[in-house]
Amino acid sequence: MIVEKIQEFIEKKKRITPCHVNRASEIGHPCYRYLYFLRTAWDQAQLPTYKQQLVFDEGKLQEKAVLRLLEDAGFDIVATQRPYEIKELKLVGHIDAVVFINKSFFPIEIKSMSPFFFESLHTVKDFLNHKYAHIRKIPFQLQAYLMLAKLKEAVLLLKNRSSGELKEIVVTQDEKMQNEIRVKCQTINDLVEKQVAPEIHEEFDETICSMCRFAHICLPDVKRKDELKLIEDEELIALLEKREQLKPFHDEYLEVDKILSKRLEGIEKAIIGDFIITGKWVKRREYKVPETTYWKKRILRIKKP
Amino acid sequence: MRQEVIQVAKEPALIEHDALVELAEKSEKRIEAVKKIIRAALRITNHRDWVLIGSEPYLTASGAEKVARLFGISWYDMKIEEEEREDEKGKFFMFTCKAKFKLGETEIEAVGTSSTRSKFFGWVKGKLRELHEVDIPSVKKTAMTNCILNGVKRLLGLRNLTLEDLKSAGINIEKITRVTFKEG
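I will try to describe carefully the structure that is included in this document. (Residues numbered from 1 in each chain as written. Chains lettered and ligands numbered in written order. Predicted model: local features only at pLDDT ≥ 70, side-chain atom pairs only at ≥ 80, totals over all residues. Heavy atoms only, no water.)

### Focus on empty space enclosed by the protein
Residues and elements named next belong to chain A.
Argument step 1. The final tally for this structure, using the stated rule, is three cavities of 30 Å³ or more.
Argument step 2. Of the voids in this model, the largest cavity is the one considered here, and its volume is about 160 Å³.
Argument step 3. What lines the largest cavity is a set of 16 residues, among which Cys 31, Arg 33, Cys 209, Cys 218 and Pro 220 lie closest to the centre.
Argument step 4. Elements represented by at least two residues in the lining of the largest cavity include exactly helix H2 (32-40), helix H9 (206-209) and helix H10 (215-218). (1 Å grid on protein atoms, 1.4 Å probe; cavity = no way out; pocket = protein on both sides within 12 Å on 5 of 7 lines; lining within 4 Å. Points joined across faces, edges and corners; volume = space filled by probe spheres on them. Helix = DSSP H or I, 4+ residues; strand = E, 2+ residues; numbered from the N terminus.)

### Regarding the pairing of strand S2 (residues 76-86) of chain A
Each regular strand displays side chains that alternate between the two surfaces of the sheet.
All names here are of chain A.
Argument step 1. Pairing of S2 with strand S3 (residues 91-101), which is carried by nine bridges, proceeds in the antiparallel orientation. The partner of Pro 83 across the bridge, within S3, is His 94.
Argument step 2. Between S2 and S3, which pair antiparallel one after the other, the connecting turn spans four residues, and Lys 90 there sits at a positive phi close to 55°. (Pairing = 2+ DSSP bridges.)

### A word on the sheet that holds strand S2 (residues 56-59) of chain B
All names here are of chain B.
Argument step 1. One open sheet accounts for three strands, arranged S2-S1-S8; its pairing is mixed. The outermost strands of the open sheet, each flanked by one partner alone, are S2 and strand S8 (177-179). When the angles between neighbouring strand axes are averaged without regard to direction, this sheet yields 40°.
Argument step 2. Judged from the four bridges that link them, strand S1 (residues 50-53) and S2 form a sheet pairing that is antiparallel. From the neighbouring strand, Ile 53 faces S2, where its bridge partner is Glu 56. (Axes fitted to C-alpha atoms, helices over the stretch in contact; angles between N-to-C directions.)

### Regarding unusual backbone geometry
Residues and elements named next belong to chain A.
Argument step 1. Despite not being glycine, Asn 102 shows a phi value in the positive range, around 45°.
Argument step 2. Take Asn 102: it is sitting in the loop between S3 and strand S4 (104-113).
Argument step 3. Look at Asn 102 and you get exposed, because its relative accessible area is 71%.
Argument step 4. At Gln 195, a position not held by glycine, the phi torsion is positive, near 60°.
Argument step 5. As for its placement among the helices and strands, Gln 195 is situated in the loop between helix H8 (175-194) and H9. (Buried < 20%, exposed > 50% of the residue type's maximum accessible area, 1.4 Å probe, protein only.)

Treat this as a map of the structure, not an account of what it does.
As structure tokens, this is what we get:
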């Protein structure tokens, strides 16, 4: 009744925009082929799904709400969505807002996100080391803004979409990242001019390629070497079965022990039922865990007994 | 006239019998292995990886990707052919995606198709969309995902699965999205 009509409206909003330049918001994308297709095959890109469109729209709404909040809080917003361009790099960007604080201008990029992402991101390094490419590219977007606005510092303002909480991360000019952006822009510009698509990556990246809106144009080979083995080892099967049987007891033991540790804290000597309890405070020594590699296993039972 | 006595050779029959048993054992093992593969494939999917069309469960592209990752299925030489067709309702496009799929030593070719006339992309409220209104890149991508789905399903024998199969693999079938197409 209501949702259906809204869905129809949202579906009509889905569109792609022409792209003839390198966008600041995309320049941190790890795939040169994607960046090339953005310039040369933008009209063949897959439209966002209904759910993706909802997320984009929600982001825009949150951005407006944060800007309003900044104004209400008395910040001097000198520009919003102002376009910038570096002609020789064909690099463009629209900065969410430029705020005048302590006699300086700060470009601000507003990103609203799920509580899960919000809680895991505190520094620029957290962004750069993130599992997802769309998070890893954000610091490059900010560096591109600094290049475009010819400024030294920008603010990344994060908003928790669930609680409304805000978090600020000051991003300072990083020569290395900015050089990377320059090289990327020049490489893409050259390839676009020559109409030569970059080579396909040897390794198929599950987190990037399977979500790519140019996958139907790129058509990468997916080479997987880690085939699943069928191992018929009676001893291993017996051990796995035994582990499965003992697991509930182990879990229960840990739970009970945790409660007991809490309840018995501070009791030095006591008899409780048939048990003698002793305890003392022990100082935990600080030590550094050396970096090693270990095999992380995951056991999932196929069939419930 | 003396009747000729024909000696019945027992040895070959015994061998044949053994061979049969071995064959039966092998095929039993094979059936058990196939069942295990299907159960394992289902076990790593969840309700979000399936859709219900009518009462039939269909694996989604995300589900197929998960299963392909677990089993280490590769694919290559993917090609999409575009064909322009015309009938009394006008022009439309048909996309056919072909690729080779590999699991261990087994290699197959699979095909996936999609058209601008498909129920999902080509129709709205029981009316055929104008061609310029159709999201053609998504139709093309669907041919590709259908090809991946078919390749993965064929390699692992994940076809004709029932809701009961999914339920016994621990998938909450109540939560599976139902897909309906409006007729008008």
